[in-house]
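# Notes for the structure review
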Amino acid sequence: MPSTMEVKCVSDDCELDMFENHYTYDVPDDHAVEDLSCPYCGGSDLVEIEV
């Protein structure tokens, strides 16, 4: 099953609390939260929510 990552934007100007990123099987091994941008504000101040 493809993995899912929960991500939070920690920018003071962003109102989005969190989003989920669902991956396909062909995502590169070195892909990380640093490669993403916030779908709400477009910023890159993101952290992975560890469960």
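Residues numbered from 1 in each chain as written. Predicted model: local features only at pLDDT ≥ 70, side-chain atom pairs only at ≥ 80, totals over all residues. Heavy atoms only, no water.

### Some words on the overall build of the protein
- Helix and strand counts for the protein stand at zero helices and three strands.
- Reading the protein from its N terminus to its C terminus gives the helix and strand order β-β-β.
- Based on the C-alpha atoms only, the size of the protein along its principal axes is roughly 35 × 20 × 15 Å.
- Across the 51 residues of the protein, 22% fall into the buried class.
- Contacts spanning at least 24 positions in sequence make up 45% of the contacts within the protein whose residues lie at least 6 apart.
- Summed over all atoms, the accessible surface of the protein reaches about 4000 Å², with 47% contributed by carbon and sulfur. (Helix = DSSP H or I, 4+ residues; strand = E, 2+ residues; numbered from the N terminus. Buried < 20%, exposed > 50% of the residue type's maximum accessible area, 1.4 Å probe, protein only. Contact = heavy atoms within 4.5 Å. Areas by Shrake-Rupley, 256 points an atom, 1.4 Å probe, with all protein chains shown as cover.)

### Some points on the pairing of strand β1 (residues 4–9)
- Burial along β1 is one-sided: Met5, Val7 and Cys9 are buried, while Thr4, Glu6 and Lys8, pointing the other way, are not.
- Pairing of β1 with strand β3 (residues 46–48) involves three bridges; the strand directions are antiparallel. Bridging from a neighbouring strand, Lys8 pairs with Val47 of β3. (Pairing = 2+ DSSP bridges.)

### A closer look at the nonpolar core
- Counting residues in hydrophobic clusters, the biggest one holds ten residues: Met5, Val7, Cys9, Cys14, Phe19, Tyr23, Val33, Leu36, Cys38 and Leu46.
- The dominant element in this core, judged by the number of residues it contributes, is β1, at three residues.
- Setting aside residues no more than four positions away along its own chain, Cys9 makes contact with Cys14, Leu16, Asp17, Cys38, Cys41, Asp45 and Leu46. (Core = buried A, V, L, I, M, F, W, Y, C linked by side-chain atoms within 4.5 Å.)

### Quick look at the sheet that holds strand β2 (residues 19–22)
- Overall, antiparallel pairing links the three strands, which are arranged β2-β1-β3 in an open sheet. With partners counted over all chains shown, the strands left at the sheet margins are β2 and β3, one partner each. Across the sheet, the mean angle separating the axes of adjacent strands is 35° when strand polarity is ignored. (Axes fitted to C-alpha atoms, helices over the stretch in contact; angles between N-to-C directions.)

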